[in-house]
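# Structural description and commentary
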Amino acid sequence: MSPSKTSSDSDQDGLRRLETMMLIRAYEERLAELQRNGAPGTCTSVGQEACAVGVIEALDARDRIVTNHRSAGHLLARGAEPGRLYAEVLGRRDGYCGGRSGSLHISASALGVVLTSTIVGGELSMAPGVALAQQMGHGEPGGVVAVFFGDGAACEGIFHEAVNLAVQWELPLLFVCENNQWQAFVHRLETMRDDAIASWARGHGLPVERVDGNDVDAVRAAAVRAVTGIRADGRPRFLELVTYRLRGHVEPDDQSYVDATELARWRERDPIGVQTARLVAEGVVDAAGLAALKRRIDERLDAALAFAHASPWPASETLTEHVYA
Amino acid sequence: MPRMTAEQALHRALREEMHRDARVLLMGEGVATKRRDLVQDFGAARVRNTPLAEAIIAGTAVGAAASGLRPVIDLLFAPFLTYSMDALVNSAGKLRHISNGQFAFPMVAMSLTGSGWCVGAQHNHNLEAMFVHAPGLKVVMPSEAADFKGLLKAAIRDENPVLFFTDIGLLHREGEVPEDADHVVPLGEAAVRRPGGDVTLVSYAKTVATCLQAAEQLQARGVSAEVIDLRSLKPLDEATVLRSLRKTGRLVVVHEASGLCGIAAEIAALAVTRAFDALRAPVVRLTGPDAPAASSWALEQAAVPQPEAVVRAALDLVGEGREMRRNAAIA
């Protein structure tokens, strides 16, 4: 979590972004592998890594994040330990939530990742409150709140209630719509017009940007503009990141309902592929460098999985703990 | 002790708690319009009018509570709570547990409920049992002006989400209310409103008065009824109910909400599982029907347990009713 940058990106920044995206991808691919062997289902964010990395890099330690069921990218980009994430998915004691969350609602208050909701739209309902507390002096000075939600949540009425309230109360809230084209098993163009989300948001009277969600540099630049704006005037901003969910809704999922041509088209726009090609073309990294990167990530995730598998189950006596404060 | 209405007692509690703790804020449709004195004293940031959108009011309170504030939200009429149930049930009630205790949700959701204004089923619905069923929430429903103050203060000070139901019929009823700024009625403590030895009448909110009237009439018939006001539905003061039951051996539970899976069912289950040996007669439940609330005054009243029904039930339990009916049949 470094302070947001406004100067041009260095090679190292570009490489770090690539590495984080690769880490997220490898983390979730391994999770899918685990599920083939009986671990509980997970909603992955494969294909959306640029959204997480680009936005979270624009935030700093003052800021807080409210997220949803596809949260692994947000958590890892924010610095979460893959071992504790795996442990949580496996229901183990050393998970971020002691194994009580599972994969769907992992929160880590120490990382500023608060209030993960798996009810589609639930994150949008709570985010204005987190931003209100920030506005009223209960956060880090100058902090902003970012809420991540999808195109499915944009179809919930609470989307409009949240944006309207944030505009009206001038809350320091960044709405980040990761428009991944899929609402569970329904393509979003069955439920909305193509430009609907940005148009709806614009209708509420706040600055809106719609950017290529598979280009990490474009996402980061837009997020920096939005966060800088919020810090300057305390008012909300809205980002629509156009991306694609490359895996199914919930693991395992054979994606038999997905149009193969569309999927192939988006695979060509894979955010990791886009960033790799860019860095290779710029001479920042070569094949050997990429292999070394991949090896480092694999070693880290091997250790993370070993940690998770070694973590004990929570004791059954703790079943009713933390129901009440 | 000054006398005031329940409504005034609630306002007093809000004012005192906002004065005591700068983290307390009030949000809801019209709260800043109706409580101008609070806006004047505590500022517009802490007394906020909201859109008429219960889901975002409740959700915002949840996020604010988890982030350092202590919101009190006014959701007007209880049926509107159905719009806010995702935030209250799935977020406020569950996220503490899901997050393994990383967050607390110190917030209060207030609403009006019950018969008395002839406002019809979409403005009148006793939903309290629904929220008792949801883990992580607390539920209170006072009957006396002093408790409206004391329980609201306890709810605001509590670290958990509390549903605070105000029975419409009690809003303008007066009672003595302690002026003490620390007059806090702990959540989960029932009150014995009238001691008695023959039959226990358990109730809450408006029908506590019904039970007290019934107890008067029973006294005239030589039957001594103990009247318990639950005040808190969750946590439930099981000890006070069981203590009374062990003394009387007879139980009538009275409330306005419908009976199916209701509070009376829970109290009846408590009696038979924890004090079966003390029971001298079957437990009786007197509740509203499994039907939407009526708007017509006559029908609305017909849906609410009346003192006569409580008297009849109690006499039945002590035997006098059976005796009388038998005599009538013979005659």
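Note that the structure is predicted; figures quoted are calculated from it, not measured. (Residues numbered from 1 in each chain as written. Chains lettered and ligands numbered in written order. Predicted model: local features only at pLDDT ≥ 70, side-chain atom pairs only at ≥ 80, totals over all residues. Heavy atoms only, no water.)

All names here are of chain B. For Arg231, the location among the structural elements is in the loop between strand 11 (225-229) and strand 12 (232-234). By relative accessible area, Arg231 is classed as buried at 9%. Residue contacts for Arg231: discarding those within four places in its chain leaves Val140, Met141, Pro142, Asp147, Leu151, Val185, Glu189, Ala190, Ala191, Arg193 and Tyr204. (Helix = DSSP H or I, 4+ residues; strand = E, 2+ residues; numbered from the N terminus. Buried < 20%, exposed > 50% of the residue type's maximum accessible area, 1.4 Å probe, protein only. Contact = heavy atoms within 4.5 Å.)

So, about helix 1 (residues 11-36) of chain A. All names here are of chain A. In this model helix 1 runs 38 Å from its N-terminal to its C-terminal C-alpha over 26 residues, within 8% of the 38 Å that 1.5 Å per residue would give. Where burial is concerned, most of helix 1 is hidden: 19 out of the 26 residues are buried. Positive phi appears at Gly38, one or two residues downstream of helix 1, with a value of about 105 degrees. (Expected span 1.5 Å × (residues − 1).)

What follows concerns the pattern of salt bridges. All names here are of chain A. In the structure shown here, the tally under the stated rule is 49 salt bridges over all chains. Among the ionic pairs, Arg247 bridges to Glu29, the shortest N-O distance being 3.0 Å. On the criterion of sequence distance, the pair formed by Arg247 in the loop between strand 8 (237-242) and helix 10 (260-268) and Glu29 in helix 1 is long-range, its members being 218 residues apart. The exposure class assigned to Arg247 is buried, which follows from its relative accessible area of 18%. (Salt bridge = Lys/Arg side-chain N within 4 Å of Asp/Glu carboxyl O.)

Here the structure, examined in full by the defined rule, presents 14 aromatic pairs over all chains. With centroids separated by 4.4 Å and ring planes inclined at 25 degrees, the aromatic side chains of Tyr27 of chain A and Tyr86 of chain A adopt a geometry described as stacked. In this pair, Tyr27 of chain A is assigned in helix 1 and Tyr86 of chain A in helix 4 (residues 82-89), connecting sequence segments 59 residues apart. Here the aromatic residues Phe149, Phe159, Phe175, Trp200 and Phe238 of chain A are joined through ring pairs into a cluster of three or more. Of note, Arg92 of chain A hangs over the ring of Trp313 of chain A, and the distance from its end group to the ring centre comes to 4.1 Å. Positioned above the aromatic ring of Trp169 of chain A is the side chain of Arg48 of chain B, whose terminal nitrogen or guanidinium carbon lies 4.5 Å from the ring centre. (Phe/Tyr/Trp six-rings, centres within 6.5 Å; stacked < 30°, edge-to-face > 60°. Lys NZ or Arg CZ within 6 Å of the ring centre and 35° of its normal.)

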